[in-house]
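Okay, here's what each chain looks like letter by letter:
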Amino acid sequence: MMQSKKSKFGISSLSLAISFALAGSVVSTQAFAADEEVAKKENVEKIAVVGSRAAPRSIGDSPVPIDIISSDDLKKNGSTDMIDMLVTSVPSFNSRAQPISDAATLVRPVNLRGLPSDSTLILVNGKRRHRASVIAFQGGGINDGAQGPDISVIPGVALKQVEVLRDGAAAQYGSDAIAGVMNFVLKDASEGGSITVSQGEYYEGDGAATTIDGNIGLPLTDDGFVNISAQYKTADATSRSVQRPDAAAIAAGGNTSILNPAQTWGNPEINDDYTVFVNSGFDINDNTHLYAFGNVSSREATGGFYYRNPHNRGNVYSVDGGETLLVGAVNGDQSTCGVVPANVPNVLNTPEYQAMVADPNCFSMNQVRPGGYTPQFTGKIEDMSFFAGVKGESGEWMYDVSAGTGSNKASFGLKNSLNPSMGLDTPTDFDTGSYEQVETTFNADFSRFVTIGSLEDISFATGFEWREESFEIGQGDEASWIAGPYADQGFNIGSHGFKGFGPESAGKNDRSNIGVYTDIEAYLTEDLLLGFALRYENFSTFGDTLNYKLTAQYVATDELSFRASHSTGFRAPTVGQENVVNTQTSIVNGDLIQTFIAPPTNPLAAFYGGEVLNPEESVSYAAGFVYQYDNLFLTVDYYNIEVTGRIAQSSQISVEASDYDALRAAGVEFPELISAVTFYTNDFDTTTQGVDVVASYTTEMLSGDAKFSLAYGWTDTSVDKYDPETTDAGKVRRLEDGIPAHRATLTWGQSWDDLSMSVRGNMFGEYYATHADDTSDWGSEVADAAVTIDLEVSYAVLDNLTVSVGANNIFDQEAQKLKDGTLGELGAVYYESGPFDYNGGFYYGRVNYRF
């Protein structure tokens, strides 16, 4: 009888095929509790231990590239944010900080292999993770409009390892797997644990962050475990700001209400950031295993918005660009209030303004906010999930049946703002409403080994998935959305900066879908592995789709093997993208405008070209090789991903005065108060290609053990087709060049008996830098390449007690400064689209106790 193929690299390809082919479940070490006797009896190694410390980070015996990042590797970072940990570990994984970016400030979008965050499927213990409720309206180009899961709620202390499948896998897992799959494997120990306290701050003396986390494993009788992890974090805000020239000029004119700086660019303040993860399992017998896991998480964040100039802010202080002040009349007749010039050093000192204030029939918003104002955006993110299931063996079949639910709710608020249409009666703090994403999933997965003719031990997997998801908009305070009595006098409606969700916006939308898949892998010869996957899905909102995947691996020599894959894929538009409503402040040619984000079928969006969204479709090709000789491990993989009908947020489309009557007839209220509209559209066809290189080498050096690791990624995206009516050339360029084409991380880890050290160099190539969401020549340029260095030193004071100190960006490499002519114009010094932290160097200390 033919044995299950165990490669020269020491890990079974068939085992890995099962692990990563199951659409609803990546099989873990404990999946069926198969001990050595069972394995010998059945002549197969069914379950692979894919993440041992001694294993290379990328599994060599696999037809597709898989990175394995251990819990220890994740900890060698000053940040305790999961996103920051992964950026330094995965070659084509990127993210950036999000100052003054609306809801994207609360949930940072990420991208894998040059595609948006919602093109990477996130799993926890092999189960689909629900998306965040937050949609990245200002996501740095690639992620504009993306709605991916919030992986920052997953604490490193809860993880055994992270498995990253860098290959299109929609035919195996369904929607969202165009770029790849990331599986977060929770700890499953039944004893022991740890407590860690971390403290750090930036070289500038701000952004102080404290993290306390712990993990404990408990037995559940002799046949099970309960593993509990908890983390609590706080972080102060940062400021990399300069005083805005317009604010400074008004202050010089004698206005004593101007703050310095008037506007803050920096990280938000994070309070009460806690998360608890529980993972549990119980063996009913030798062949049946029960499991359950879940989390409860919450955090509060407060960030800044743009400064509102008290002389010229449109529809608040002026309607003619600052020539005259916008003056309201209580009796409705503005002509009785006279004209107040605003193109002066300080409007408060003019006799016209003082006369206006003395008239009880007349008012301006300067009486509420004489120095202008900078709203503060507040948000509370609440996240929870729970999954439970049973898996085991029945005869020749292995099975895994599970059900779970997850939700993410973002509650928004504004401080230090106003609703201009309410006049002097406006409140200044608002509850603006909420978004909530809820997903429920049921999976039934089956696999076994079969024999067909002369081919034995063919891996066969099949299964079924049902999923329902909903997106709900919660109504805000009435004052945050109401059109007050002065709306028809030119005053803006709703809380300024982030209009609250009114009854016309509030509501719940949902959809369901089913998926059926099959997956087959077999060795045609001892050296040639072939695989095929097929998946059918049907969505209640837009119909069905059928996708496939082909994989191959050929072992050429003991040291060298080649691998390749080809697949089709799809990504369904999210329910949120189809129905979201929002108001944001955008920068266009250096000017701040109020932009309304509307569903594509909303009358305003439809008037300017919005249509019902369709799924994205993709075709992927990949090829690479694995080389291993003694202590050297090297993988090189090329990929090419063509996406048609790519979903993205349109550019800001100006609402023209000539369209007002037609818009009113279509049901749009107060179109004259809307500067621009943006909506989601299947606007692009793109081709993204790249090369990922992962290498490691271990040796004895300096009387200790040394390990060198390299992760390099080259990514190139070209926009093959787009609609110039809804997308400008700057947005296209940001999609193509908004992230560095070249990025590399080189790590040297050195350890002795009680002392260890880690040095990491991070290289970021040139990229197209933009200021906020402005892609005009005013706010963009090509940014220089840069290198940052991270260092950490750890010392084992006792057997169970380790003290670590270190710094990220230890030499304080400065981020790209804004070019002359824009530097400081909006209170900022650096481009916020940079690939590394613009706050500069960050030093930290950490104490870890294990028991």
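Please read these numbers as outputs of a predicted model, since none were measured by experiment.

**Description of the overall build of the chain**
Next, step 1: Along its length, the chain carries twelve helices and 37 strands.
Next, step 2: Taking 29 Å as the expected radius of gyration for a compact globule of 851 residues, we find that the chain reaches 28 Å, a close match to that expectation.
Next, step 3: Its C-alpha atoms put the chain at 100 × 60 × 50 Å along the principal axes.
Next, step 4: Taking the intrachain contacts of the chain between residues at least 6 apart in sequence as the baseline, contacts between residues at least 24 apart amount to 71%.
Next, step 5: Across the chain, the centroid of the 53 positively charged side chains sits 4 Å from that of the 111 negatively charged ones.

**Considering the pattern of salt bridges**
Next, step 1: Evaluated as defined, the whole model comprises 26 salt bridges.
Next, step 2: When salt bridges with common partners are traced through the structure, they connect R128, R131, D176, E439, E469 and R511 into a single cluster.

**A look at helix α12 (residues 729-737)**
Next, step 1: Listed as buried for α12 are G730, K731, V732, R734 and L735.
Next, step 2: Along its buried surface, α12 packs onto β26 (632-649), β29 (680-701), β30 (704-721) and β33 (767-770).

**Section: the nonpolar core**
Next, step 1: Counting residues in hydrophobic clusters, the biggest one holds 43 residues, and the most contacted among them are F412, Y435, V580, L604, Y608 and Y680.
Next, step 2: Contributions of two or more residues to this core are made by β15 (376-394), β16 (397-415), β17 (430-452), β18 (455-474), β24 (591-597), α10 (603-607) and α11 (660-665).
Next, step 3: Broken down by element, the residue count for this core peaks at three residues, all from β16.
Next, step 4: Counting residues in each nonpolar core, the second largest holds 34 residues, with I83, I154, A179 and V643 among its members.

**A few points about the pairing of strand β21 (residues 543-555)**
Next, step 1: Pairing of strand β20 (residues 528-539) with β21, which is carried by twelve bridges, proceeds in the antiparallel orientation. Looking at the pairing, L529 lines up with Q553 of β21.
Next, step 2: Counted along the chain from β20 to the antiparallel partner β21, the turn is three residues long.
Next, step 3: Between β21 and strand β22 (residues 560-571), which pair antiparallel in sequence order, lie four residues.

**Quick look at the state of the cysteines**
Two cysteines whose sulfur atoms are joined by a covalent bond form what is called a disulfide.
Next, step 1: All told, the structure shown has one disulfide when counted by the stated rule.
Next, step 2: Between C337 and C362 runs a disulfide, and the two sulfur atoms are separated by 2.1 Å. Measuring handedness by torsion sign, the sulfur bridge of C337 and C362 sits at about -95° and is left-handed. Residue C337 is located in the loop between β13 (328-329) and α7 (351-358), and its partner C362 is located in strand β14 (residues 362-363); the two are separated by 25 residues in the primary sequence. Here the two residues C337 and C362 agree in accessibility, since each one is buried.

**Focus on the sheet that holds strand β28 (residues 676-678)**
Next, step 1: Here we have four strands laid out as an open sheet, ordered β23-β24-β28-β27, and mixed in their pairing. A single partner strand is all that each edge strand has here, and the edge strands are β23 (582-588) and β27 (653-654).

**Section: unusual backbone geometry**
Next, step 1: Going from N260 to P261, the amide bond is cis rather than trans, its omega being 0°.
Next, step 2: Mapped onto the elements of the fold, P261 is located in the loop between α6 (245-252) and β11 (269-285).
Next, step 3: Unusually for a residue other than glycine, N125 sits at a positive phi of about 50°.
Next, step 4: Of note, N416 is a non-glycine position whose phi angle comes to about 60°, a positive value.
Next, step 5: Mapped onto the elements of the fold, N416 is located in the loop between β16 and β17.

**Side note on the sheet that holds strand β1 (residues 66-70)**
Next, step 1: Taken together, five strands build an open sheet; the order of strands is β1-β6-β7-β4-β5 and the sheet is mixed. The outermost strands of the open sheet, each flanked by one partner alone, are β1 and β5 (127-128).
Next, step 2: One ladder, built from five bridges, connects β1 with strand β6 (residues 159-165); its direction is antiparallel. Across the sheet, residue I66 finds its bridge partner in β6, namely L165.

**Points about the environment of N215**
Next, step 1: Relative to the helices and strands, N215 resides in strand β9 (residues 209-219).
Next, step 2: Taking the relative accessible area as the measure of exposure, N215 reaches 8% and is therefore buried.
Next, step 3: The contact partners of N215, leaving out residues within four places of it in the chain, are V157, K187, G192, G193, S194, N227, I228, S229 and F851.
Next, step 4: Here N227 takes part through its side chain, which lies 2.6 Å from a polar atom of the side chain of N215.

**Comments concerning the pairing of β23**
Next, step 1: In terms of burial, β23 is largely enclosed, as six of its seven residues are buried.
Next, step 2: When β23 meets β24, the two strands line up antiparallel, connected through seven bridges. Residue N582 lies in a different strand from β24, and its bridge partner there is I597.

**Here we look at the environment of L326**
Next, step 1: Secondary-structure assignment places L326 in the loop between β12 (288-304) and β13.
Next, step 2: C-alpha separation for the pair L326 and D383, spaced 57 residues apart in sequence, amounts to 43 Å.
Next, step 3: Apart from residues lying up to four places away in sequence, L326 is in contact with N315, V316, Y317, S318, V319, Q334, F363, S364, Q489, G490 and F491.

**Here's the deal with the confidence of the model for the chain**
Next, step 1: Mean pLDDT over the chain stands at 87; residues scoring 70 or higher make up 91%.
Next, step 2: Of all secondary-structure elements in the chain, the lowest mean pLDDT belongs to helix α2 (residues 36-42), at 34, while β14 reaches the highest, 98.
Next, step 3: Per-residue pLDDT stays below 50 along residues 1-58; that stretch engages in 160 contacts with residues further than four places along the chain or on separate chains.

Rules used in this analysis
Residues numbered from 1 in each chain as written. Predicted model: local features only at pLDDT ≥ 70, side-chain atom pairs only at ≥ 80, totals over all residues. Heavy atoms only, no water. Helix = DSSP H or I, 4+ residues; strand = E, 2+ residues; numbered from the N terminus. Rg over C-alpha atoms; globule rule 2.2 N^0.38 Å. Contact = heavy atoms within 4.5 Å. Lys, Arg positive; Asp, Glu negative; His and termini not counted. Charge placed at Lys NZ, Arg CZ, Asp CG, Glu CD. Salt bridge = Lys/Arg side-chain N within 4 Å of Asp/Glu carboxyl O. Buried < 20%, exposed > 50% of the residue type's maximum accessible area, 1.4 Å probe, protein only. Core = buried A, V, L, I, M, F, W, Y, C linked by side-chain atoms within 4.5 Å. Pairing = 2+ DSSP bridges. Disulfide = S-S within 2.5 Å. Polar contact = N/O pair within 3.5 Å; in protein donor to acceptor, adjacent residues only side chain to side chain. pLDDT = per-residue confidence, 0-100.

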